[in-house]
Amino acid sequence: MSKRKIVTEPDPILRKKSQRLEKVDDELRKLLDEMLETMYSAPGIGLAAVQVGILKRAIVIDISKDKEKKNPFFLINPEIISKSKNTSIYEEGCLSLPGYFAEIQRPAECSVKYIDYNGNEKEIQAKGLLSTCIQHEVDHLNGVLFIDYLSKLKRDMIVKKLIKHKKELNKIIL
Ligand code: GNR
Ligand code: NI
């Protein structure tokens, strides 16, 4: 298994729409395994394929607190089929926006249809952090980042700082 590099903002790929997967094969499972390893080592609780530069509708999630008891969750072609009217607020972070966090309000519960690691169709009702995380990841598949829910002023400030940060990293490397 190998770890992949995480794409950070600003990068035009993060704004593109990911494509549906046609089949679940060993090549896709290899990508999912590498995404999981990349997510665990970040560390993070979710990762969309676009965050490792691949525009495919695949997500990995593990919200288990106990690092000893891993509980990975793979979603291929996820579709949110319903969202609750009631909302909840979580402090969100994103591996593509390193160092930035914001309280984001989203539907508290959602129902999701997806294909699992073995190619079987599944449907779950999610609530709490899992519901928020699924919505955050499905947003990635549609080119949406959590900063898009903030005011333009706040969003522009964060992106400006990330550009500056990238320029400074380049100075060190070059
Ligand atoms: O690691 C992550 N934590 C997190 C916290 C609250 C809501 C969503 C997330 S997902 C994020 C990892 C990530 O960037 N996934 O795309
Ligand atoms: Ni994210």
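Our structure is the block above this text.
Residues numbered from 1 in each chain as written. Chains lettered and ligands numbered in written order. Predicted model: local features only at pLDDT ≥ 70, side-chain atom pairs only at ≥ 80, totals over all residues. Heavy atoms only, no water.

*Asks:* With reference to specific residues and values, describe the overall build of the chain.
*Replies:* Looking only at helices and strands, the chain has three helices and seven strands in total. Mapped in sequence order, the helices and strands of the chain form the string α-β-β-β-β-β-β-β-α-α. Computed over the C-alpha atoms, the radius of gyration of the chain is 16 Å, within 12% of the 16 Å expected from 2.2 N^0.38 for a compact globule of 174 residues. Taken along the three principal axes of its C-alpha coordinates, the chain extends 45 × 40 × 35 Å. Within the chain, buried positions represent 42% of all 174 residues. (Helix = DSSP H or I, 4+ residues; strand = E, 2+ residues; numbered from the N terminus. Rg over C-alpha atoms; globule rule 2.2 N^0.38 Å. Buried < 20%, exposed > 50% of the residue type's maximum accessible area, 1.4 Å probe, protein only.)

*Asks:* Before we move on, could you go through the sheet that holds strand β2 (residues 58–61) and cite the residues and values that matter?
*Replies:* Pairing is antiparallel across the open sheet formed by five strands, whose spatial order is β1-β2-β3-β6-β7. The open sheet terminates on both sides in strands that have one partner only, identified here as β1 (46–48) and β7 (121–126). Averaged over neighbouring strand pairs, the angle between their axes works out to 40 degrees when direction is ignored. Relative to strand β3 (residues 73–83), β2 runs antiparallel, the two sharing four bridges. Across the sheet, the residue bridging to isoleucine 59 is leucine 75, located in β3. Contacts between helix α1 (residues 26–41) and the sheet are confined to β1, β2 and β3, with β2 contributing the most and set at about 40 degrees to the helix. In the packing of helix α2 (residues 128–141) onto the sheet, contacts are made with β1, β2, β3, β6 (110–115) and β7, and the angle to β2 comes to roughly 150 degrees. (Pairing = 2+ DSSP bridges. Axes fitted to C-alpha atoms, helices over the stretch in contact; angles between N-to-C directions. Contact = heavy atoms within 4.5 Å.)

*Asks:* Pulling in residues and values, what's your account of the site of ligand 1?
*Replies:* The environment of ligand 1 is formed by 13 residues, the closest being Ile45, Gln51, Leu95, Glu137 and His140. Here glutamine 51 contributes a side-chain N or O atom positioned 2.8 Å from an oxygen atom of ligand 1. One of the side-chain N or O atoms of histidine 140 is found 2.9 Å from an oxygen atom in ligand 1. A total of 380 Å² of accessible area belongs to ligand 1 in isolation, and the protein chains cover 90% of it. (Near = heavy atom within 4 Å. Polar contact = N/O pair within 3.5 Å; in protein donor to acceptor, adjacent residues only side chain to side chain. Areas by Shrake-Rupley, 256 points an atom, 1.4 Å probe, with all protein chains shown as cover.)

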